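# Topology and contacts: notes
Listed below are the residues making up each chain.
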Amino acid sequence: TVAVYSEADRNALHVEMAGEAVAIGAAPAAESYLVIDKIIEACRSTGAEAVHPGYGFLSENAGFAKKLAEAGIAFIGPPPKAIEAMGDKIESKSVADKAGVNTVPGHMGIIADADEAVTVAGDIGYPVMIKASAGGGGKGMRIAYSDDETREGFQLAGSEARSSFGDDRIFIEKFVEDPRHIEIQVLADSHGNAIHLFERECSIQRRNQKVIEEAPSPFLDEETRAAMGAQAVALASAVGYQSAGTVEFIVDKSRNFYFLEMNTRLQVEHPVTELITGVDLVEQMIRVAAGEVLSIGQDDLTINGWAIESRVYAEDPYRNFLPSIGRLTEYAPPAADLLNSMPDTTVRNDTGVYEGAEISRFYDPMIAKLCTHAPDREKAIAAMSEALDAFVVGGIKHNIPFLAALMAH
C-alpha cells in the first residue's frame, strides 16, 4: 500500500502503516489532497495501479476518476458518468424518477403568483414547503398547512429571497413531517450485477451532520425494507453504477420514503453494514475495480444482529461543539475484550490517531468511529454505553460525554 500525505499529516497513522508514503504538499487540502496531478504523480513514482479515494476530498470528483482512467490507473469507485449524474440534484432526481424511484412530490417549475401557489399546494397535499429557487441557509423557506398559509408564505419567502439573493423565484414541494434519514447500501460490479446490503438509520444528527448510525433501522418493517432496497438497486442499475454506493432516503412517520441523494463513495458509517452482513465493503470495492464479478448475490445476504456506530470527535459539547485542536496526551480506546461479560458482542474502533498524535486544524476533527455489534438493539446500546465509558481521551476536548448521554436516552 502507498499512502499520500500533506505536511500536516507527516506523522499520521496511515503514513506509518503503509508500505510506502509520498508527500504531496502543504497542509491546506487545496495544496495537497485536492491536487489531482500530485496524486497521479505519486501513483507513477511508486507503480501504484489503483487509487481508493476514501470519504472526502476527491472521493466524489468525476474529473479525478477521468484523469486516473486517462493515466491507466484504476479508480476504486464508480464510473465518472455515475458520479456526475448523481452529483447534480436536479439530474439525480430526474434519473431516479425514470428508474421508478419515489421522489418528494412537488412542482419544480417556477410559480407565478399566490393563486398558482395555492393550486399547486392543493395538488401536492398539505403540508408543503415553499422554497426560493436561489435560497440557502434556511432563507426563503416557509412551511404551509393551509391555503391561507400558502398565500402568506409565498409572499414572505419571495420577498426574503429577493432581499437576500436578488432572486424571488419560488417552487413548492411536499414537506415531510417527523422525517427519518434512512439509507440503503448498494454494491454493483462491471458485469451488470447489483445488490443491496440492507439499510442504515442515520436520523440522529446535529447541524445535518450524522452523529449516531445503526443497522438495521428500528423503524422499518420487512415490506418497506424490501421496497427501499429494490428501488436503490434500480437506481444503481439505471445510472450504470459500479462499486459501493449509498442511496439516501427521507422516510415519513407512515413509512412513505422519498429519494434524497446518492453518495457515490464509501460512507463513514459503512462499518455497521459490515458488522450485520459479514461483508467487507472495501474488499468488494477493490475486487470490483479489478474487474471481478460479485461473488455474493441478494439471496446470500441476511441481517445478523444489531450494530451501532458513534462518531467520536475532537469538539467541545459544552461550547457549541467548537472543534478542539491539540495533542492527544492520552488515547486509549476500549479493548476488544472489554465485553467479556457480554457474550456474542463485538467492539470495533476505526481510527486514524494514536497517543501523542496531533489533531490538526486543517481537516475534519473526527478521532474515531466506535462500533458495537450484539445479537439485538438493547444489547448493542448497552455495549456502546460500556465502550464509551471505557474510552480514554486526554489533552483535547471531545464529545464522548454527549455520545454517552445519547446512549442513555
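Here, every reference points to the structure presented above.
A brief report on the enclosed structure follows. (Residues numbered from 1 in each chain as written. Predicted model: local features only at pLDDT ≥ 70, side-chain atom pairs only at ≥ 80, totals over all residues. Heavy atoms only, no water.)

## Notes on the overall build of the chain
What the chain contains, in helices and strands, is 12 helices and 22 strands. Projected onto the principal axes, the alpha-carbon positions of the chain cover approximately 65 × 50 × 50 Å. A total of 409 residues make up the chain; the buried ones form 48% of that total. Accessible surface, the chain as shown: approximately 18800 Å² in total, 50% of it carbon and sulfur. Charged side chains in the chain number 35 positive and 61 negative. The centres of these two groups are separated by 5 Å. (Helix = DSSP H or I, 4+ residues; strand = E, 2+ residues; numbered from the N terminus. Buried < 20%, exposed > 50% of the residue type's maximum accessible area, 1.4 Å probe, protein only. Areas by Shrake-Rupley, 256 points an atom, 1.4 Å probe, with all protein chains shown as cover. Lys, Arg positive; Asp, Glu negative; His and termini not counted. Charge placed at Lys NZ, Arg CZ, Asp CG, Glu CD.)

## Focus on the environment of methionine 366
Within the fold, methionine 366 resides in strand β21 (residues 366-374). Setting aside chain neighbours within four positions, we find methionine 366 in contact with Val268, Arg311, Val312 and Tyr313. (Contact = heavy atoms within 4.5 Å.)

## Points about the pattern of salt bridges
Inspection of the entire model under this criterion finds 28 salt bridges. Note that arginine 348 and glutamate 274 form a salt bridge whose closest N and O atoms lie 2.8 Å from each other. Of this pair, arginine 348 sits in strand β19 (residues 346-351) while glutamate 274 sits in helix α9 (residues 270-277), and the two are 74 residues apart along the sequence. The shortest N-O distance in the salt bridge between glutamate 283 and arginine 287 comes to 2.9 Å. Here arginine 287 and glutamate 283 lie together in helix α10 (residues 281-289), a separation of four residues that amounts to about one turn. (Salt bridge = Lys/Arg side-chain N within 4 Å of Asp/Glu carboxyl O.)

## Overview of the pairing of strand β9 (residues 180-188)
With eight of its nine residues buried, β9 lies for the most part within the structure. Judged from the nine bridges that link them, β9 and strand β12 (residues 243-251) form a sheet pairing that is antiparallel. Bridge assignment links valine 186 to a residue of β12, and that residue is glycine 245. Pairing geometry for β9 and strand β10 (residues 194-206), over six bridges, is antiparallel. The residue bridging glutamate 183 from the neighbouring strand is arginine 200, located in β10. Where β9 folds back on β10, the antiparallel hairpin that results is connected by five residues, among which glycine 192 adopts a positive phi of roughly 90°. (Pairing = 2+ DSSP bridges.)

## Observations regarding the state of the cysteines
Note on terminology: a disulfide is the covalent bond linking the sulfur atoms of two cysteines. Tallied over the entire structure, the rule returns zero disulfides. Cysteine 202 forms no disulfide, and the closest cysteine sulfur to it belongs to cysteine 371, at a distance of 12 Å. Exposure remark for cysteine 371: the relative accessible area of 0% places this residue in the buried category. (Disulfide = S-S within 2.5 Å.)

Geometry only, nothing functional implied.
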